[in-house]
Amino acid sequence: MENYVCMNCCDINFDAYFGLSPDHPPIPSISLENALASAESCPFCDLLVTATSQLSGINQTIPYRAWPQTNSDYQRLVFYFEREYCQPIRGEGNIDIRGGGAMKVKLYPPPSPLSGDSLLFKICPIFTCPTEQLAGLQHSARFVVEDQIDVALCRQWLQDCEEHHPEICQDYNMLEREQALPSGFRLIEIDNQCVSRQPLTSRYIALSYVWGQVETLQLRLSNVADLEAKHSLHEHKSELAQTILDAMEVVRTMGEKYLWVDCLCIIQDAPDLDLQIGCMDRVYGAAIVTIIASTGGDANAGLAGVRSCSRSVLQLTRKVWPDLELAVSLPTPNELTSPWESRGWTFQEQMLSRRFLIFREGQVIWQCPSQILCEDTSAMNKIRPFQRLRQISKPWPDEGAKPQQSYAISVQPEPLHRPRAFVEYASIVAEYTQKQLRYPNDILRAFEGLSRILEIYFQSQFISGLPETYLDAALLWIPQTVLERRPGLNNKFPSWSWTGWIGGTGFEDTVDFSLEKIVPLIKWYYKEGNSQAILVNSIGIGIDETNFGTAKSVNTCLWFPLFEVLEAKIGSLPEIDLPDNKHLYLQFWTSCTFFKITSNQNNARDAIENSIIGRKPKRFLIRSSRNQVIGYLTLDGEQPYETQVDHHEFIVVSEAQVSGFNPVTWAIQYSEKCLMYNVLLVEWDYNHQIAWRVGIGRVLKGAWKESGSRIKFVTLG
């Protein structure tokens, strides 16, 4: 057999090393000095040297000795090898992982300070004439064309997923797709180069991209007939954004017939535009795959690699045996920092899709719920893990669309546990509120598709972004930054919802075993403008566990509207003259009182954090009239509008199973007993009829009772 490698490497059995056997003797280390000496005659040594030069950024002669920090002797640079083996498995949903080995290479010490503590890369095999046993190994690689993506590979990925992952990927989030797509549903016909109405069961690919400030062809009432004519898009090709043109080419090459793009498949000036936008859960959920244009700031950025010579990707390969080439795994594309990642609309599209073709930095990556694949190899063969795009969780068997019919209260009810639906909701809100919207008033429109799915999980409607069936907990959102009130005509977005503010928000984590440390106290009503007030969850309780198919917990089974009862106002709602508009209000009887607040800037850690993170929310201590610390407060915005330090009004929204907190560390002391109230800091309009939320906190119940609190009816806007 022809000698392909040098004496240092001739004892390496590459077929066995990258094959299915779990056992293989370790490969001896090789000094960079010896690899440099053999590089001209040994392809494996040449691969090591070339990869080192490329990854370290050293284009001239690589130094094969490094100056140590501890003594005056030069230290030799040495390659160390570690085999990464994947056991063949037959996974869930008929996922067949064939296993095999990959080579992890570490050069230590690194040749450049920019390489960190050591230089790392992975080498994977390309079997040019694979046997049936070696074909399709998990750690194997494939050749990559430098200037253009092989879109046929994308077609193969989709075909493999549809054939082998039906239980996981094909049925992913079927709940939203059980509902029909919107009437007047349109798609781009790739073969006929036009827009046309198609059956709601059509097979199509969707595009998620950043529109930006680009002028691109749009479907409007005035040109519907024109764009529905065959070959009309070809005639208007110069008016189409490059990303859309590239996406059409991807669909054509993959052998698919239809593409959905918002600007051409929704009539942009139609009377039912909002109805169409509200169906994004079904549009993206029903697509067989979503093309993600994650690079570039607008619709003209294109999909790099789709057109010839539109990218430059250098793959390092060397032939070490007659039927075996080795390839250095391509660097993982950088984590998303593009406008696509930062947008609220594209976040929803990402969460709603079941499969992705992600075009990023000249590479294309496949992601489905089962696996992530890159052009050259599986994502598991990358030194730096690929950041998986998040998708909304699959429905859960205990919290699906059909709650149980029996809700008998047990003799000894369990504590309240946070349902998984709310865990998912809280996580989504935390991410979504950090995203940007070109038009701030789109906060609910860009969330509508997600809320439709979450409504199925909660088995209830959403009220301005909050789940009605878990309202008591949803009202306790916490600012993660200093927020700004969302602009809108007469504050159309209520202050009691995170939708009424601009900035990141989140929720307090639960404690052991997902215990929810709140107890409902309030009977809630909501109303739209001057319409009739409606009881939340039909009876007014803010947490309705029956919708989750579980027995009532000890936190809710003995619920009664405490303050409404104490005031002898059962079912009584005072007449409030509200503006005649569509704004949402919460109405309820509760306990109110006044306290003073003081800054906690003397807390050294707090001061340091605020100096580093300028937008960190402001925290205050709540003090009694005797100046005792009785609670804590986090402001939503910059500062309360009322300036009297001892005259800030607080209202109770629920009981907290908390015994106290540490005013220095802010550590919360949880308890089985309710020793604190969850409270909102509020301010009032000029007529003292409508209040709005300013901050959130907790106050000791004993101090509340001693403060001279009184019960009154509150309209929160």
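Look up: the structure comes first, before these words.
What you are looking at is a predicted structure, and each value in this text was computed from that prediction instead of being measured.

Novice: Even after reading the chapter, I still don't get the overall build of the protein, so can you show me in this structure?
Specialist: Across its full length, the protein carries 20 helices and 36 strands. Split into buried and exposed, the 717 residues of the protein put 56% on the buried side. For the protein, the share of sequence-separated contacts (at least 6 apart) that also reach a separation of at least 24 residues comes to 72%. Here the protein has roughly 32,000 Å² of accessible surface; of this, 50% comes from carbon and sulfur atoms.

Novice: Explain the state of the cysteines here, please?
Specialist: Simply put, disulfide is the name for a covalent bond between the sulfur atoms of two cysteines. Counted according to the given criterion, the structure contains 0 disulfides. Between Cys 6, a cysteine without a disulfide, and Cys 42, which holds the nearest cysteine sulfur, the sulfur-to-sulfur distance is 3.5 Å. Judged by relative accessible area, Cys 6 falls into the buried class, the value being 12%.

Novice: Would you mind showing me how to read the pairing of strand S17 (residues 363–367) here?
Specialist: Look at any regular strand and the pattern is simple: side chains alternate between the two faces of the sheet. S17 sits mainly inside the fold: 5 of its 5 residues count as buried. A two-sided burial pattern is seen for S17, the buried positions comprising Gln 363, Ile 365 and Gln 367 on one face and Val 364 and Trp 366 on the other. Inspection of the sheet shows strand S16 (residues 356–360) paired to S17 by 5 bridges, in the antiparallel sense. The residue bridging Leu 357 from the neighbouring strand is Trp 366, located in S17. Relative to strand S18 (residues 372–374), S17 runs antiparallel, the two sharing 3 bridges. Bridge assignment links Gln 367 to a residue of S18, and that residue is Ile 372. Between the antiparallel neighbours S17 and S18 lie 4 residues.

Novice: How should I be thinking about the sheet that holds S18 in this particular structure?
Specialist: Sheets are built from strands paired through backbone hydrogen bonds, the pairs being either parallel or antiparallel. Spatially, 8 strands are ordered S10-S9-S12-S11-S13-S16-S17-S18 in an open sheet, and the strand pairing comes out mixed. Each end of this open sheet is capped by a strand with a single partner; those strands are strand S10 (194–197) and S18. Between one strand axis and the next, the sheet turns through 30° on average, direction left out of account. As defined by bridge partners, strand S9 (residues 186–189) adjoins strand S12 (residues 258–260) across 2 bridges and the pair is classed as antiparallel. Bridge pairing in S12 places Ile 188 opposite Leu 259. Lying over the sheet, helix H9 (residues 242–253) contacts S9, strand S11 (205–208), S12, strand S13 (289–293) and S16, oriented at roughly 145° with respect to S12.

Novice: Just checking my understanding: could you explain the nonpolar core for this structure?
Specialist: It is characteristic of soluble globular proteins that their nonpolar side chains tend to be buried jointly. Among the nonpolar cores identified, the biggest contains 144 residues, and Ile 188, Leu 259, Trp 260, Leu 264, Leu 357, Tyr 425 and Phe 447 are the most heavily contacted of them. The element that contributes the greatest number of residues to this core is strand S28 (residues 584–599), accounting for 8 residues. Contact partners of Leu 259, with chain neighbours within four places excluded, come to Leu 187, Ile 188, Ile 190, Ile 205, Ala 206, Leu 207, Ile 244, Ala 247, Met 248, Val 251 and Cys 265. By size, the runner-up hydrophobic cluster in this structure holds 36 residues, among which are Ala 39, Phe 79, Val 105 and Phe 127.

Novice: Looking at this structure, how should I read helix H16 (residues 448–458)?
Specialist: Three- or four-residue spacings in an α-helix give side chains the same orientation, since the helix completes a turn every 3.6 residues. With 8 of 11 residues buried, H16 is to be regarded as a mostly interior element. For H16, the full list of buried residues reads Gly 449, Leu 450, Ser 451, Ile 453, Leu 454, Ile 456, Tyr 457 and Phe 458.

Novice: Which parts of the structure should I look at to understand a nonpolar patch on the surface?
Specialist: Taken together, the side chains of Phe 560, Val 565 and Ile 570 make up a nonpolar region of the molecular surface, amounting to roughly 270 Å² of accessible area. Taking relative accessible area as the criterion, Ile 570 reaches 54% and is therefore assigned exposed.

Novice: So what exactly am I meant to see when it comes to unusual backbone geometry here?
Specialist: Excluding glycine, most residues fall at negative phi; most peptide bonds, likewise, are trans. The omega torsion of the bond from Tyr 108 to Pro 109 falls at -10°, within 30 degrees of zero and hence cis. Among the structural elements, Pro 109 can be located in the loop between strand S7 (100–108) and strand S8 (119–127). Unlike most non-glycine residues, Glu 361 shows phi in positive territory, near 50°. Among the secondary structure elements, Glu 361 is positioned in the loop between S16 and S17.

Novice: How do you make sense of the sheet that holds S7 when you look at a structure like this?
Specialist: Spatially, the 6 strands line up as an open sheet ordered S1-S4-S7-S8-S15-S14, and their pairing is antiparallel. What marks the edges here is a single partner per strand, and that holds for strand S1 (30–31) and strand S14 (317–321). Relative to the sheet, helix H3 (residues 43–56) contacts S1, strand S4 (78–86), S7, S8, S14 and strand S15 (324–328), its axis offset from that of S8 by approximately 135°.

Novice: What am I meant to see in helix H4 (residues 151–164) here?
Specialist: With 14 residues, H4 should cover 20 Å at 1.5 Å per step; its first-to-last C-alpha distance of 20 Å lies within 8% of that length. Every buried residue of H4 is accounted for by Val 151, Leu 153, Cys 154, Trp 157, Leu 158 and Cys 161. Buried positions in H4, seen along its axis, are confined to an arc of 150° and lie on one side of it. Close packing links the buried residues of H4 with helix H5 (166–170), H9, S16, S17 and S18.

Novice: Explain the pattern of salt bridges here, please?
Specialist: Between side chains of opposite charge, a pair can form when the charged atoms approach closely. One pass over the structure, following the stated rule, counts 25 salt bridges. Note that Glu 341 is salt-bridged to Lys 435, the shortest N-O span being 3.1 Å. Here Glu 341 is found in helix H13 (residues 339–342), whereas its partner Lys 435 is found in the loop between helix H15 (420–432) and H16, with 94 residues between them in sequence. Taking the relative accessible area as the measure of exposure, Glu 341 reaches 28% and is therefore partly exposed. Across the pair Lys 701 and Glu 655 runs a salt bridge, and its minimum N-O distance is 2.5 Å. Highlighted residues: Lys 701 in helix H20 (residues 701–706) and Glu 655 in strand S31 (residues 648–656), separated in sequence by 46 residues.

Novice: Would you mind going over the packing of aromatic side chains with me for this structure?
Specialist: Geometrically, a pair of aromatic rings is defined through the distance of the ring centres and the angle of the planes. Taken as a whole and judged by the stated rule, the model has 28 aromatic pairs. Between Tyr 432 and Phe 447, the ring centres sit 5.1 Å apart and the planes meet at 40°, which makes this aromatic pair tilted. Pair noted here: Tyr 432 is in helix H15 and Phe 447 is in the loop between H15 and H16, with a separation of 15 residues, a long-range link. For Phe 447, a relative accessible area of 1% gives the class buried. Ring centres of Phe 661 and Trp 666 lie 5.9 Å apart, and the angle between their planes is 35°; this geometry places the pair in the tilted category. Accessibility expressed as a relative area gives 12% for Phe 661, which makes it buried. Between the NZ or CZ atom of Lys 106 and the centre of the ring of Tyr 80, over which it lies, the distance is 6.0 Å. We note Arg 693 situated over the ring of Trp 477; from NZ or CZ to the ring centre the distance is 3.4 Å.

Definitions and limits used
- Residues numbered from 1 in each chain as written.
- Predicted model: local features only at pLDDT ≥ 70, side-chain atom pairs only at ≥ 80, totals over all residues.
- Heavy atoms only, no water.
- Helix = DSSP H or I, 4+ residues; strand = E, 2+ residues; numbered from the N terminus.
- Buried < 20%, exposed > 50% of the residue type's maximum accessible area, 1.4 Å probe, protein only.
- Contact = heavy atoms within 4.5 Å.
- Areas by Shrake-Rupley, 256 points an atom, 1.4 Å probe, with all protein chains shown as cover.
- Disulfide = S-S within 2.5 Å.
- Pairing = 2+ DSSP bridges.
- Axes fitted to C-alpha atoms, helices over the stretch in contact; angles between N-to-C directions.
- Core = buried A, V, L, I, M, F, W, Y, C linked by side-chain atoms within 4.5 Å.
- Patch = residues over 30% accessible without salt bridge, like charges linked within 9 Å, V, L, I, M, F, W, Y side chains within 5 Å.
- Salt bridge = Lys/Arg side-chain N within 4 Å of Asp/Glu carboxyl O.
- Expected span 1.5 Å × (residues − 1).
- Arc of directions from axis to C-beta.
- Phe/Tyr/Trp six-rings, centres within 6.5 Å; stacked < 30°, edge-to-face > 60°.
- Lys NZ or Arg CZ within 6 Å of the ring centre and 35° of its normal.

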